[in-house]
Amino acid sequence: MSNIEVVPTHVAFIMDGNGRWAKQRGKDRIFGHFEGVESVRAVMEESVETGVKYVSFFAFSEENWNRPDAEVNGLMELMMKCMVNELHTFLDNGIRFRVLGDRSRLSKQLNEAIDSMEEATAACPRMTAIIFLSYSGKWDIRQASRRMAEEGGSEIEDYLVTAGIPDPDLLIRTSGEKRISNFMLWQLAYTEFVFTDILWPDFRKEQYRNALLEYASRDRRFGKVK
Ligand code: IPE
Ligand code: IPE
Ligand code: MG
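Conventions adopted
Residues numbered from 1 in each chain as written. Chains lettered and ligands numbered in written order. Predicted model: local features only at pLDDT ≥ 70, side-chain atom pairs only at ≥ 80, totals over all residues. Heavy atoms only, no water. Helix = DSSP H or I, 4+ residues; strand = E, 2+ residues; numbered from the N terminus. Expected span 1.5 Å × (residues − 1). Buried < 20%, exposed > 50% of the residue type's maximum accessible area, 1.4 Å probe, protein only. Arc of directions from axis to C-beta. Contact = heavy atoms within 4.5 Å. Phe/Tyr/Trp six-rings, centres within 6.5 Å; stacked < 30°, edge-to-face > 60°. Lys NZ or Arg CZ within 6 Å of the ring centre and 35° of its normal. Pairing = 2+ DSSP bridges. Axes fitted to C-alpha atoms, helices over the stretch in contact; angles between N-to-C directions. Near = heavy atom within 4 Å. Polar contact = N/O pair within 3.5 Å; in protein donor to acceptor, adjacent residues only side chain to side chain. Areas by Shrake-Rupley, 256 points an atom, 1.4 Å probe, with all protein chains shown as cover. 1 Å grid on protein atoms, 1.4 Å probe; cavity = no way out; pocket = protein on both sides within 12 Å on 5 of 7 lines; lining within 4 Å. Sits in = over half its atoms within 2 Å of the grid points. Nonpolar A, V, L, I, M, F, W, Y, C, P; charged D, E, K, R; others polar.

(A) Inspection of helix α7 (residues 205-216) at higher detail. Here α7 is 12 residues long and its end C-alpha atoms lie 16 Å apart, about the 16 Å a rise of 1.5 Å per residue gives. Buried within α7 are the following residues: Tyr 208, Ala 211, Leu 212 and Tyr 215. Angularly, the buried residues of α7 cover 100° about the axis, an arc narrow enough to put them on a single face. Contacts from the buried residues of α7 go to β1 (10-14), α2 (29-50), β2 (54-61), β5 (170-173) and β6 (192-195).

(B) Structural context of the packing of aromatic side chains. With the rule as written, the count across this model stands at 17 aromatic pairs. In textbook terms, an aromatic cluster arises when at least three aromatic residues are bridged by ring pairs, as seen for Phe 13, Phe 57, Trp 200, Phe 203 and Tyr 208. When the ring centre of Trp 21 is taken as origin, the NZ or CZ atom of Arg 25, which lies over that ring, is 3.9 Å away. Here Lys 27 stacks its cationic end above the ring of Phe 31, 5.1 Å away from the centre of that ring.

(C) Looking closely at the sheet that holds β5. With respect to topology, 6 strands assemble into an open sheet ordered β3-β4-β2-β1-β5-β6, the strand pairing being parallel. The sheet terminates laterally at β3 (95-100) and β6, the two strands that pair on one side only. For this sheet, the mean inter-axis angle between neighbouring strands, taken without regard to orientation, is 20°. Packed onto the sheet, helix α3 (residues 69-85) meets β2, β3 and β4 (127-135) and runs at close to 150° relative to β2.

(D) Examining the site of ligand 1 more closely. Taken together, 13 residues are adjacent to ligand 1, and Met 15, Asp 16, Arg 20, Arg 29 and Arg 67 come closest. Within the side chain of Asp 16, a nitrogen or oxygen atom sits 2.8 Å from an oxygen atom of ligand 1. Here an oxygen atom of ligand 1 and a backbone polar atom of Gly 17 are 3.4 Å apart. Within the complex, the protein chains bury 87% of what would otherwise be the 380 Å² of accessible surface of ligand 1. At a threshold of 2 Å from the grid points, most atoms of ligand 1 map onto the largest pocket. Counting residues per element, the ones that place at least two in the shell around ligand 1 are α1 (18-24), α2 and α3. Sort the elements by how many residues they give to the shell around ligand 1 and α1 lands first, with 3 residues. Residue composition of the shell around ligand 1, grouped by class: 3 nonpolar, 5 polar and 5 charged.

So this is what it looks like as structure tokens:
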């Protein structure tokens, strides 16, 4: 059982440093991405055990399309492989799977795999894991504004791809970079940030627990006086 006193409902991750992790070992960047999948698994397990209800992973940004073809293709293949191999992990642990981002830029094959995994896990009750793929915060606000104008709506939250999902309580970015890199710009308005120098493939349960303890010690005021 968790002994963390204040458990965040929604934890978001900017999983950064895979390339540097591989380079330090004299390997190709894609090895870092493969090893990073193990960190995703560890974080999901720990989240379920701790009682976190939503975990978001920034897996591929709109800007990441500008990386060399070999890396983009390698990442898309890795995504496909995970989807095929990990369905049982989601079902066994009661984790709902969702992908958010500009799906029009993904291949037909990957889109079909995402649809079938989302359908298969739709009723999973314990936690929701969200993979942000071909996503950027500016893209999200643009697409939401456009649809809101078309439909005459009034609340932008209803049109962001995260509609219905509570805003992140905690954002963790690994690898020592201290920036948002166009992740959920709107949704992170009152999120607590934890930046760590650890590279994503080295971020496992112990490192996650430390970040959760740090979160529990924060005083969230939301602009009010306490
Ligand atoms: C994060 O690791 C994963 C993606 C952005 C897809 P990087 O690939 O950015 O690794 P570094 O930052 O170059 O070390
Ligand atoms: C942010 O990492 C995007 C993801 C983790 C998917 P990047 O490595 O792309 O960000 P920058 O280029 O360092 O800002
Ligand atoms: Mg990076």
